[in-house]
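# Working through the structure, step by step
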Amino acid sequence: MDRDCVEIDGGIMEGGGQILRVATALGCVLGQPVRVRQIRAGRSQPGLRPQHLSGLETIRDLCEGKLEGGEIGSTEITLTPGKIKGGTHVADTKTAGSVCLLMQVAMPCALFAASPTELILKGGTNAEMAPQIDYTVMVFKPIVEKFNFTFNCDIKKRGYYPQGGGEVVVQMSPVKELSPINLTERGTVTKIYGRAFVAGALPIKVAKDMSAAAVRCIRKEIRDLYINIQPVREPDDQACGTGSGIVIVAETSTGCLLAGSSLGKRGKNPDKVGIEAAEILLKNLKHGGTVDDCLQDQLIIFMALAKGVSRVLSGPITLHTETAIHFAQKLTKTKFTLEKLDNDPHKETYMIECQGMGMINPNL
């Protein structure tokens, strides 16, 4: 067993939970035992947190594998995968740990399962340091489905910091193989829309203030486009705790989706939350890429597994993306190339290209 185990240093580059997610998901798909040491060495609380552990337990159960070192605070784990079965699995962080990050680790595995998978994910739906569930549904889902698979994402209940308590049900069927994607034409922005939400003890006025501030901020740069950011109060029976936030999406003539988002917190002015999201969106529109900086790294694992050449035009390459590429190359033996395009000195645009390994689902 030791002989074939791929050794992963979890303390390099981004040094966080992403290394664990990419390495173990790919290990599971490839049927390759993986040992990750120095887990989250770069973080203030190193080792596994509840969300990382529940993600690992989910893929262990998905592939009927063996997990060693699976406890909170552990800085070394070994995952020995078996056959990816599919079926229904519950992952509960029991905290406000992000359900979207649970989805990130489990989704590639479920695509190469023997039968359909249902994931019941519990935790935070709108958490700091992770994509918000609204972003996952509005941006990640339509773009990632270009790899030629579909999934259903049903938000049963929203959960906010500190207690979490949200629940999202994801259903997906396995595929024989993934198609490559070609996202190289930005096009022009045709519409801007989004949602500003409040839940729990907060009044709808907070959502309206976030929305209005965001619109004012975008209007300074983009004058002639209709902007529709809906203020929403989450129904009490569909939300756990008190929370607020905003996600704004720009859609282009070629079907690109780029976003900006922000979360409210105690003592933070709602106008500031709206402006923050708007500024992130505008920054993502300035670089001329076809994906925003939040989606960039999430596509890497699928590009590596797909059959054929994928190309994505992006803005400045994030450390998360560099990290995902490093570990995707190490495990799949694919080669990514990053080429800076010099067509406009005011823009920092890169072409991310990958000749995918052409993973064929051995379980179908």
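Residues numbered from 1 in each chain as written. Predicted model: local features only at pLDDT ≥ 70, side-chain atom pairs only at ≥ 80, totals over all residues. Heavy atoms only, no water.

Okay, the sheet that holds strand β9 (residues 182–183) next. Overall, mixed pairing links the four strands, which are arranged β9-β15-β17-β16 in an open sheet. At either margin of the open sheet sits one strand with a lone partner, and together these are β9 and β16 (335–341). Pairing analysis gives seven bridges linking β16 to strand β17 (residues 349–355), with the strands arranged antiparallel. Bridging across to β17, leucine 338 finds its partner in isoleucine 352. Packed on one face of the sheet, helix α8 (residues 319–332) meets β16 and β17 and runs near 150° to β16. (Pairing = 2+ DSSP bridges. Helix = DSSP H or I, 4+ residues; strand = E, 2+ residues; numbered from the N terminus. Contact = heavy atoms within 4.5 Å. Axes fitted to C-alpha atoms, helices over the stretch in contact; angles between N-to-C directions.)

Next up on the list: the pairing of strand β15 (residues 309–314). Looking at chain direction, β9 and β15 are connected through two bridges and run parallel. Within the sheet, the bridge partner assigned to leucine 183 lies in β15 and is valine 312. Bridge count for β15 against β17 is six bridges, and the pairing is antiparallel. Paired with arginine 311 across the bridge in β17 is glutamate 353.

Turning our attention to the UniProt feature "active site" (unreviewed entry) in the protein. Listed under "active site" (unreviewed entry) in the UniProt record, and renumbered for this structure, are His320. For histidine 320, the location among the structural elements is in helix α8. The contacts of histidine 320, once residues within four sequence positions are left out, are Glu14, Gln18 and Asp297. (UniProt positions renumbered as here; feature names shortened; annotations may be inferred.)

What follows is about the side chain of threonine 117. Tracing the chain through its elements places threonine 117 in strand β6 (residues 117–123). The contact partners of threonine 117, leaving out residues within four places of it in the chain, are Leu62, Gly86, Gly87, His89, Ala110, Val170, Gln171 and Met172.

Moving on, we come to the UniProt feature "domain: RNA 3'-terminal phosphate cyclase" (unreviewed entry) in the protein. Per the UniProt record, the feature "domain: RNA 3'-terminal phosphate cyclase" (unreviewed entry) sits at residues 13–337. Its end C-alpha atoms 18 Å apart, residues 13–337 is made of 32% helix and 27% strand.

What follows deals with the pattern of salt bridges. Counted under the stated rule, the structure contains 21 salt bridges. Here glutamate 7 ties to arginine 35 by a salt bridge, and the two come within 2.4 Å at their closest N and O atoms. You can see glutamate 7 sitting in strand β1 (residues 6–9) and its partner arginine 35 sitting in strand β2 (residues 34–37), a full 28 residues away along the chain. A single network of salt bridges, built from pairs that share partners, joins Glu7, Arg35, Arg37 and Glu76. (Salt bridge = Lys/Arg side-chain N within 4 Å of Asp/Glu carboxyl O.)

The next subject is the side chain of glutamine 18. Relative to the elements of secondary structure, glutamine 18 occurs in helix α1 (residues 17–30). In this structure, glutamine 18 is in contact with Asp297, His320, Thr323 and Ala324, ignoring residues within four places of it in sequence.

The next thing to look at is helix α3 (residues 99–111). Here α3 is 13 residues long and its end C-alpha atoms lie 18 Å apart, about the 18 Å a rise of 1.5 Å per residue gives. Of all the bends in α3, the greatest, near 30°, is centred on valine 105, and the proline proline 108 appears no more than four residues after it. A large share of α3 lies buried, amounting to twelve of its 13 residues. Residues of α3 that are buried: Val99, Cys100, Leu101, Leu102, Met103, Val105, Ala106, Met107, Pro108, Cys109, Ala110 and Leu111. Looking at where α3 begins, the residue whose side-chain oxygen comes 3.0 Å from the main-chain nitrogen of cysteine 100 is serine 98. (Expected span 1.5 Å × (residues − 1). Bend = angle between axes of the 7 residues up to and from the residue. Buried < 20%, exposed > 50% of the residue type's maximum accessible area, 1.4 Å probe, protein only. Polar contact = N/O pair within 3.5 Å; in protein donor to acceptor, adjacent residues only side chain to side chain.)

A few words now on the domain arrangement of the protein. Structurally, the protein comprises domain 1 (6–183 + 291–357) and domain 2 (189–284). Distance between the C-alpha centres of domain 1 and domain 2: 25 Å. If you look at the interface, domain 1 gives 23 residues, while domain 2 gives 26 residues. For the domain 1 and domain 2 pair, buried surface summed over both sides reaches about 1900 Å², with 59% attributable to carbon and sulfur atoms. In terms of surface lost to domain 2, no three residues of domain 1 exceed Gln132, Met138 and Tyr160, which account for 31% of the buried area on that side. At the boundary of domain 1 with domain 2, the tally comes to three salt bridges. The residue glutamate 234 makes a salt bridge to arginine 158 at a minimum N-O spacing of 3.1 Å. Run the count over domain 1 and domain 2 and you get nine residue pairs in polar contact (both at pLDDT 80 or more). Listed by contribution, the elements that provide at least two residues to the side of domain 1 that touches domain 2 are α4 (133–144) and β7 (151–159). Broken down by element, the residue count for the side of domain 1 that touches domain 2 peaks at six residues, all from α4. (Domains from an automatic or database assignment. Buried area = accessible area lost by both parts, 1.4 Å probe.)

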